[in-house]
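Tertiary structure, described
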Amino acid sequence: MEKHYLTLEGKKALEEKLVYFKSVRRAEVAKKIGSAREYGDLSENAEYDAAKEEQAQVEAAISEMEDILLNCEIINKKNLDGDTVSIGCSVTLYDEEYEEEVTYKILGSTESDPAKGIISNVSPVGAALLGHKKGDVVKVNMPHGVLMYKILDIHL
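Owing to the predicted nature of the structure, the values given are computational and were not obtained by experimental measurement.

**Comments concerning the pattern of salt bridges**
Here the structure, examined in full by the defined rule, presents seven salt bridges. A salt bridge links lysine 11 to glutamate 15, with the shortest nitrogen-to-oxygen separation between them at 3.7 Å. Note that lysine 11 and glutamate 15 are positioned in helix 1 (residues 8-37) at a spacing of four residues, about one turn of the helix. Taking relative accessible area as the criterion, glutamate 15 reaches 35% and is therefore assigned partly exposed. The salt bridge involving glutamate 54 is made with lysine 32; its shortest N-O contact spans 2.9 Å. Of this pair, glutamate 54 sits in helix 2 (residues 46-70) while lysine 32 sits in helix 1, and the two are 22 residues apart along the sequence. Linked through salt bridges whose partners overlap, the residues forming this network are Arg25, Glu28, Lys32 and Glu54.

**Quick word on the sheet that holds strand 3 (residues 90-95)**
Here five strands make up an open sheet; going across it, the order is 5-4-3-7-6 and the pairing mixed. Two strands bound the open sheet, and with one partner strand each, they are strand 5 (118-120) and strand 6 (137-142). Strand after strand, the sheet turns through a mean of 45° between neighbouring axes, direction not considered. Bridge count for strand 3 against strand 7 (residues 145-155) is six bridges, and the pairing is antiparallel. Each bridged residue has a counterpart across the sheet, and for aspartate 95 the counterpart in strand 7 is tyrosine 149.

**Remarks on helix 1**
The end-to-end C-alpha separation of helix 1 is 42 Å, in line with the 44 Å expected for 30 residues at 1.5 Å each. At phenylalanine 21, helix 1 is bent by approximately 35°, the largest bend along its length. The secondary structure elements touched by the buried residues of helix 1 are strand 1 (4-6) and helix 2.

**So, the pairing of strand 3**
Among the six residues in strand 3, five count as buried, and that is most of the element. Here six bridges tie strand 3 to strand 4 (residues 100-107), and the two strands are oriented antiparallel to one another. Across the sheet, aspartate 95 pairs through a bridge with glutamate 100, a residue of strand 4. Remark: four residues form the turn of the hairpin made by strand 3 and strand 4, two consecutive strands paired antiparallel; glutamate 99 in that turn has positive phi of roughly 50°.

**Details of the layout of surface pockets**
Quantified by volume, the largest pocket comes out at close to 160 Å³. Every residue along the wall of the largest pocket is listed here: Gly10, Ala13, Leu14, Lys17, Ala61, Glu64, Met65, Ile68, Thr110 and Glu111.

**A word on the packing of aromatic side chains**
All told, the structure shown has one aromatic pair when counted by the stated rule. Where tyrosine 20 meets phenylalanine 21, the ring centres are 6.0 Å apart and the plane angle is 75°; that geometry is what we call edge-to-face. The class for phenylalanine 21 is buried, based on a relative accessible area of 15%.

Thresholds, definitions, all that
- Residues numbered from 1 in each chain as written.
- Predicted model: local features only at pLDDT ≥ 70, side-chain atom pairs only at ≥ 80, totals over all residues.
- Heavy atoms only, no water.
- Salt bridge = Lys/Arg side-chain N within 4 Å of Asp/Glu carboxyl O.
- Helix = DSSP H or I, 4+ residues; strand = E, 2+ residues; numbered from the N terminus.
- Buried < 20%, exposed > 50% of the residue type's maximum accessible area, 1.4 Å probe, protein only.
- Pairing = 2+ DSSP bridges.
- Axes fitted to C-alpha atoms, helices over the stretch in contact; angles between N-to-C directions.
- Expected span 1.5 Å × (residues − 1).
- Bend = angle between axes of the 7 residues up to and from the residue.
- Contact = heavy atoms within 4.5 Å.
- 1 Å grid on protein atoms, 1.4 Å probe; cavity = no way out; pocket = protein on both sides within 12 Å on 5 of 7 lines; lining within 4 Å.
- Points joined across faces, edges and corners; volume = space filled by probe spheres on them.
- Phe/Tyr/Trp six-rings, centres within 6.5 Å; stacked < 30°, edge-to-face > 60°.

This is the structure:
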């Protein structure tokens, strides 16, 4: 089983989303299926097929959310030492290729949002940084080449 890392806020948001999907989205899709049945012959009913496909997607999403919540570990900042890059911390890096500073927060894949500077612990950069300390130079193998980052600071 894959361990899913969540912040307390991320877990709460996922629980709320799960409740929404179970109570609202399921009912919406059931209503669409019922309406589509009224059109007659189900074998040539595109609306029915689309509604059934949507139902499968909703059920898959519910199943995935339940699995994440069942196998999650809450990121507790009290357990972080601040000396080593770990899940739940932010890290300021010097990108040697672009000669600029970047800051990333490392969280689990469920909460990652690269556009907001939140990267996953299983992403190439996130995984490469884990366990390193301030001052370390980290090589990240990417499909387009090797990235080099110097760790400038670690924030909790």
